[in-house]
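Below, each chain spelled out in residue letters.
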Amino acid sequence: MIICKVVGHVWSTKKEEGLVGMKLMVVGELDDAGCVTGNPFVAADVVGSGVGETVLVVEGSSARIAAGGNDVPVDCTIVGIIDTVEVEREKKGNRG
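What comes next concerns the included structure. Just so you know, these numbers come straight off a predicted model, no measurement behind them.

Side note on a nonpolar patch on the surface
Together, Met1, Val46, Val47, Val79 and Ile81 give the surface a local cluster of nonpolar side chains, amounting to about 420 Å² of exposed area. Assignment of secondary structure puts Val46 in the loop between β3 (36-45) and β4 (54-59).

Comments concerning the nonpolar core
One finds Ile2, Cys4, Val6, Met25, Val27, Ala43, Val55, Val57, Cys76 and Ile78 forming the largest nonpolar core, which totals ten residues. Only β1 (2-10), β2 (23-30), β4 and β5 (76-81) provide two or more residues apiece to this core. In terms of residues, this core owes the most to one element, β1, which gives three residues. Beyond its immediate stretch of four places on either side in the chain, Val6 contacts Met25, Val26, Val27, Ser49, Gly50, Val51, Gly52, Glu53, Val55 and Ile78.

Here's the deal with the environment of Cys35
Along the polypeptide, Cys35 turns up in the loop between β2 and β3. For Cys35, a relative accessible area of 41% corresponds to the partly exposed category. Excluding its chain neighbours within four sequence positions, the residues that come into contact with Cys35 are Glu29 and Leu30.

Examining the side chain of Ser49
Take Ser49: it is sitting in the loop between β3 and β4. The residues touching Ser49, leaving out its near neighbours within four places in the chain, are Val6, Lys23, Met25, Val55, Ile78 and Ile81.

Some remarks on the sheet that holds β1
Around the barrel, five strands lie side by side as β1-β2-β3-β5-β4; this closed barrel has mixed pairing. On average, adjacent strands in this sheet sit at an angle of 55° to one another, irrespective of strand direction. Both β4 and β5 contribute to a ladder of five bridges, which runs antiparallel. Bridge assignment links Leu56 to a residue of β5, and that residue is Gly80.

Re the pattern of salt bridges
If you walk through the whole model with that rule in mind, you get one salt bridge. The residue Asp45 makes a salt bridge to Lys23 at a minimum N-O spacing of 3.4 Å. Residue Asp45 is found in strand β3, and its partner Lys23 is found in strand β2; the two are separated by 22 residues along the sequence.

Focus: the state of the cysteines
Simply put, disulfide is the name for a covalent bond between the sulfur atoms of two cysteines. Tallied over the entire structure, the rule returns zero disulfides. For the unlinked cysteine Cys35, the closest cysteine sulfur is that of Cys4, found at 14 Å.

Here's the deal with the pairing of β2
Most of β2 sits out of view: six of its eight residues are buried. Across six bridges, the pairing between β1 and β2 is antiparallel. Directly across from Val10, in β2, lies its bridge partner Leu24. Counting the residues between successive antiparallel strands, the hairpin from β2 to β3 contains five residues, one of them, Gly34, with a positive phi of roughly 85°.

What counts as what
- Residues numbered from 1 in each chain as written.
- Predicted model: local features only at pLDDT ≥ 70, side-chain atom pairs only at ≥ 80, totals over all residues.
- Heavy atoms only, no water.
- Patch = residues over 30% accessible without salt bridge, like charges linked within 9 Å, V, L, I, M, F, W, Y side chains within 5 Å.
- Areas by Shrake-Rupley, 256 points an atom, 1.4 Å probe, with all protein chains shown as cover.
- Salt bridge = Lys/Arg side-chain N within 4 Å of Asp/Glu carboxyl O.
- Helix = DSSP H or I, 4+ residues; strand = E, 2+ residues; numbered from the N terminus.
- Core = buried A, V, L, I, M, F, W, Y, C linked by side-chain atoms within 4.5 Å.
- Buried < 20%, exposed > 50% of the residue type's maximum accessible area, 1.4 Å probe, protein only.
- Contact = heavy atoms within 4.5 Å.
- Pairing = 2+ DSSP bridges.
- Axes fitted to C-alpha atoms, helices over the stretch in contact; angles between N-to-C directions.
- Disulfide = S-S within 2.5 Å.

By themselves these figures say nothing about function.
And the structure:
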């Protein structure tokens, strides 16, 4: 799973039949500091996320299953809207 931020929408009037009715969003992976890194990519949205929200994205067969089945033509699917993320960081030089 990947922690991402929703950065935009995709509007498509013509699409493959398996994508009809599916909401598509543009997301960017977040680094440890919470900044978008790399190239943005498109993910199907099954949870109703919005631009600016931090989301949980799955890829591959997990994405197809989450989007409705193995015959759905998606590589990435937004499966959760994240409220908070806590990461314990080890302090350098701290031995206690």
